[in-house]
2 protein chains.
Amino acid sequence: MKLITRDTDYAIRALCFIAQSKNDKVSARELVKTLRVPKAFLRKILQILNKKGVLKSYKGQGGGFNLAIPATRIFLLDLMKIFQGPLELNQCTFKRVVCRDVKFCLVKKKIDNIQRLVMQELHNISIAALVEKGG
Amino acid sequence: MKLITRDTDYAIRALCFIAQSKNDKVSARELVKTLRVPKAFLRKILQILNKKGVLKSYKGQGGGFNLAIPATRIFLLDLMKIFQGPLELNQCTFKRVVCRDVKFCLVKKKIDNIQRLVMQELHNISIAALVEKGG
DNA sequence: GACAAATGATACTAATATGGTATCTTTATA
DNA sequence: TATAAAGATACCATATTAGTATCATTTGTC
């Protein structure tokens, strides 16, 4: 049971690297060299991050990527949403069945609480926080 | 992104029903009637719960299942472990790469904290708690 | 003892998600 | 104008999830 999939993971690594870089742009080739991740796969991920407004891309020779928004405002939760869809711990298939009172499903309520907790925590972790202390 | 899979979900429902039942045994047929879940699939789940010591089974005509341990001691976390394996939110593929200091990976540390939190919460939800208030 | 109704064991299948590849197009710049 | 970059898109392999199907075994009842 995983909470973070490979693509989210790679995205985090790439963003950390880009955030730390002294250069104004970082190309996929550079990232692949350092991160040791399959190039075609990483390129797809970078393209998605670009479309979602997390990265800004520059085409042509000497092109590459840089952050479209400050590293302090890129959160794990955002990345997970992008690559893994919305966090829905369960979709309450319990309706009409276990719950005697449809309006009050304790299972859902309890799981929703956990979900809220997780989301809060994930929303507190930014790319900036990950790179600042050698993380 | 789901935390609870279908089989865990069905297991919870079945256990809630069995916990609430006045009879000393509940058969798969009864469960299917009430829970509206595919019979063959549910039977497989019940067999697993039996093997794992959560349910006790009775073969032959008039047979069925009942709880092998009190509902107060069956927790969501246990069921998730049985059907979804151990909760490992990430397996830290960051080693040597993003982390400059292998011994101190902030990503892992932060995610581990979240994991601890989730496990604590899941360990607080028992089948008994789910049925007691009409959940 | 035969039958029916239950679980046990086990193998198979279908659908979906995950983790990639491969290829061709477009753009910028030296 | 060649080259090195990203954009777009289609494809593929594997694993996981969800579910089926079948036969064997057990046990209560007539």
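Not measured: the values here are computed from a predicted model. (Residues numbered from 1 in each chain as written. Chains lettered and ligands numbered in written order. Predicted model: local features only at pLDDT ≥ 70, side-chain atom pairs only at ≥ 80, totals over all residues.)

What follows deals with the overall build of chain A. Each helix and strand in chain A was counted, giving six helices and two strands. Written out in order from the N terminus, the α and β elements of chain A read α-α-α-β-β-α-α-α. A separation threshold of at least 6 residues defines the contact pool for chain A, and within that pool the share at least 24 residues apart is 61%. (Helix = DSSP H or I, 4+ residues; strand = E, 2+ residues; numbered from the N terminus. Contact = placed C-beta atoms within 7 Å.)

In this structure, Ala11(A), Ala14(A), Leu15(A), Ala11(B), Ala14(B) and Leu15(B) are the most contacted members of the largest nonpolar core, which totals 68 residues. The contact partners of Leu15(A), leaving out residues within four places of it in the chain, are Ile74(A) and Ile127(A). (Core = buried A, V, L, I, M, F, W, Y, C linked by C-beta atoms within 7 Å. Buried ≥ 20, exposed ≤ 12 C-beta atoms within 10 Å, placed from the backbone.)

Before going further, it helps to spend a moment on the protein's contact with DNA strand D. The full set close to DNA strand D counts 26 residues, and Ala28(A), Ser57(A), Thr5(B), Pro38(B) and Gly60(B) are the nearest of them. Those elements giving two or more residues to the surface near DNA strand D turn out to be helix H2 (28–35), helix H3 (39–51) and strand E2 (64–67) of chain A together with helix H1 (6–20) and helix H3 (39–51) of chain B. With four residues, the top contributor of residues to the surface near DNA strand D is H3(A). Classifying every residue of the surface near DNA strand D gives six nonpolar, 13 polar and seven charged. (Near = placed C-beta within 6 Å. Nonpolar A, V, L, I, M, F, W, Y, C, P; charged D, E, K, R; others polar.)

DNA strand C sits among 26 residues. The nearest are Thr5(A), Arg6(A), Pro38(A), Gly60(A) and Ser57(B). Secondary-structure elements contributing two or more residues to the surface near DNA strand C are helix H1 (6–20) and H3 of chain A together with helix H2 (28–35), H3 and strand E2 (64–67) of chain B. The element contributing the most residues to the surface near DNA strand C is H3(B), with four residues.

All names here are of chain A. Sheet topology note: the strand E1 (residues 55–58)/E2 ladder contains four bridges and is antiparallel. What sits directly across from Tyr58, in E2, is Gly64. Hairpin geometry of E1 and E2 is characterised by an intervening segment of five residues between the two adjacent antiparallel strands and by a positive phi of about 80° at Gly60. (Pairing = 2+ DSSP bridges.)

The subject of this paragraph is the environment of Ala11(A). All names here are of chain A. By secondary structure assignment, the location of Ala11 is in helix H1. Separated by 54 residues in sequence, Ala11 and Phe65 place their C-alpha atoms 13 Å apart. When neighbours within four sequence positions are excluded, Ala11 is seen to be in contact with Ile45, Leu49, Leu79 and Phe83.

Glycine aside, a negative phi is what most residues show, and trans is what most peptide bonds show. All names here are of chain A. Here Arg36, not a glycine, exhibits a phi torsion of approximately 55°, which is positive. Turning to its location among the elements, Arg36 is positioned in the loop between H2 and H3. Judged by the 10 C-beta atoms lying within 10 Å of it, Arg36 falls in the exposed class.

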